[in-house]
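# Structure assessment
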Amino acid sequence: YLRLDAEKFFLLTGEAMCCREKCRLSWLEPSDWEKAMLLVWESFLASEGKIYKEEGIKRFSEFITSKRLKEEFLRGECKVMAAYLEDRIVGIGSTRHINQLSLLFVDKDMQRQGIGRAILERLCAYLKEEASQTQMRLMAAPGAEGFYRKNGFFDLTKELETDGIRVTIMGKYL
């Protein structure tokens with residue numbers, strides 16, 4: 001059994017490793033879209049779903065199940081990085097509108113193992129190196145701001161609420 005460090009693995013395969021080298025990161029395949037959105041929904045319900053109003057939960061559900069979002073993904077306008085543990089998706093992150101982090105969710109049983117950070121780092125590297133972007137923006141859910149601050153993001157606004165969804169707009173220079 002050959003054990004590779006994460007950098008060598010990425011150079012050889014084009015995929016990154018995370019979660020103490022147990023997970024692999026790669027761009028989501030279209031055939032995995034439904035599995036990824038199910039992970040997002042279950043993770044959302046376990047966290048933000050507990051604090052959002054019914055209107056916010058409904059809006060989020062409409063967003064992740066929208067035909068428009070899937071079509072953006074299929075056209076390459078919504079880039080989705082997935083963390084796989086064997087064949088199971090345990091985390092996803094996506095960018096839309098060129099430099100906006102749109103979704104970052106990790107399976108509730110796999111959190112605090114570096115998966116979210118690894119996905120975020122890979123998406124930032126993609127934006128900087130391949131999309132020639134100089135910054136990333138995001139809308140952080142309540143309670144997630146600390147995670148993003150630890151990863152170099154800063155607040156651009158105070159917490160806002162629209163259609164029952166509460167967020168703090170944050171940014172980072174790449």
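Data block above holds the structure.
Residues numbered from 1 in each chain as written. Predicted model: local features only at pLDDT ≥ 70, side-chain atom pairs only at ≥ 80, totals over all residues. Heavy atoms only, no water.

Here we come to the overall build of the chain. Helix and strand content of the chain: six helices and nine strands. Considering the chain as a whole, with its 174 residues, one finds that 43% of them fall into the buried category. For the chain, the proportion of contacts with a sequence separation of at least 24, taken over those separated by at least 6, is 57%. Entry remark: accessible area of the chain is about 10,100 Å², with carbon and sulfur atoms responsible for 50%. (Helix = DSSP H or I, 4+ residues; strand = E, 2+ residues; numbered from the N terminus. Buried < 20%, exposed > 50% of the residue type's maximum accessible area, 1.4 Å probe, protein only. Contact = heavy atoms within 4.5 Å. Areas by Shrake-Rupley, 256 points an atom, 1.4 Å probe, with all protein chains shown as cover.)

Glancing now at the packing of aromatic side chains. Under the counting rule described, the total for this entry stands at nine aromatic pairs. Taking 4.1 Å as the distance between ring centres and 10 degrees as the angle between the ring planes, the aromatic pair formed by Phe44 and Phe60 counts as stacked. Here the residue Phe44 occupies a position in helix 2 (residues 33-46), and Phe60 occupies one in helix 3 (residues 54-64), the gap between them amounting to 16 residues. Phe60 gets classed as buried once you look at its relative accessible area, which sits at 10%. With a centroid separation of 5.7 Å and an interplanar angle of 75 degrees, the aromatic rings of Tyr148 and Phe153 are classed as edge-to-face. Through a chain of ring-to-ring contacts, three or more aromatic side chains come together here, namely Trp41, Phe44, Tyr52, Phe60 and Phe105. The ring centre of Tyr84 lies 4.4 Å from the NZ or CZ of Arg24, which sits over that ring. When the ring centre of Trp27 is taken as reference, the NZ or CZ atom of Lys79 above it lies at 5.0 Å. (Phe/Tyr/Trp six-rings, centres within 6.5 Å; stacked < 30°, edge-to-face > 60°. Lys NZ or Arg CZ within 6 Å of the ring centre and 35° of its normal.)

Take the side chain of Gln100 next. Tracing the sequence through the fold places Gln100 in strand 5 (residues 100-106). Each residue touching Gln100, except ones within four places of it in the same chain, is listed here: Ser94, Thr95, Arg137 and Met139.

This part covers the pattern of salt bridges. Overall, the coordinates contain 15 salt bridges when judged by the stated rule. As a salt-bridge pair, Lys70 and Glu34 come within 2.9 Å of each other at their nearest N and O atoms. Of this pair, Lys70 sits in helix 4 (residues 67-74) while Glu34 sits in helix 2, placing them 36 residues apart in sequence. The class of Lys70 is partly exposed, set by a relative accessible area of 27%. Linking Glu72 and Arg96 is a salt bridge whose minimum nitrogen-to-oxygen distance equals 2.8 Å. A residue pair is termed long-range when its members are at least 10 positions apart, and Glu72 in helix 4 and Arg96 in strand 4 (residues 88-96) qualify at 24 residues. (Salt bridge = Lys/Arg side-chain N within 4 Å of Asp/Glu carboxyl O.)

Time to look at helix 5 (residues 115-130). With 16 residues, helix 5 ought to run about 22 Å at 1.5 Å a step, and its terminal C-alpha atoms sit 22 Å apart, in line with that. The set of residues buried in helix 5 consists of Ile115, Gly116, Ala118, Ile119, Leu120, Arg122, Leu123, Cys124, Tyr126 and Leu127. Positive phi appears at Ser132, one or two residues downstream of helix 5, with a value of about 55 degrees. (Expected span 1.5 Å × (residues − 1).)

Time to look at the nonpolar core. Grouped together as the largest cluster of nonpolar side chains are 23 residues, with contacts concentrated most on Leu101, Ile115, Ile119, Leu120, Met136 and Tyr148. Looking at this core, the elements with two or more residues in it are strand 2 (23-27), strand 3 (79-85), strand 5, helix 5 and strand 6 (135-140). If one sorts the elements of this core by residue count, helix 5 sits on top with eight residues. If you look at the next biggest cluster of nonpolar residues, it comprises 22 residues, including Ala36, Phe60, Phe73 and Cys78. (Core = buried A, V, L, I, M, F, W, Y, C linked by side-chain atoms within 4.5 Å.)

This part takes up the packing of helix 2 against helix 3. Helices that pack against each other are described as a pair by the angle of their axes relative to one another and the distance between those axes. At their nearest, the axes of helix 2 and helix 3 sit 10 Å apart, and the two run at 170 degrees to each other. One element, helix 2, and the other, helix 3, form an angle in the roughly antiparallel class. Two secondary-structure elements touch here, helix 2 through Met37, Val40, Trp41, Phe44 and Leu45 and helix 3 through Ile57, Phe60, Ser61 and Ile64. For the contact of helix 2 with helix 3, the class distribution of residues is eight nonpolar, one polar and no charged. (Axes fitted to C-alpha atoms, helices over the stretch in contact; angles between N-to-C directions. Parallel < 35°, antiparallel > 145°, perpendicular 65-115°, else oblique. Nonpolar A, V, L, I, M, F, W, Y, C, P; charged D, E, K, R; others polar.)

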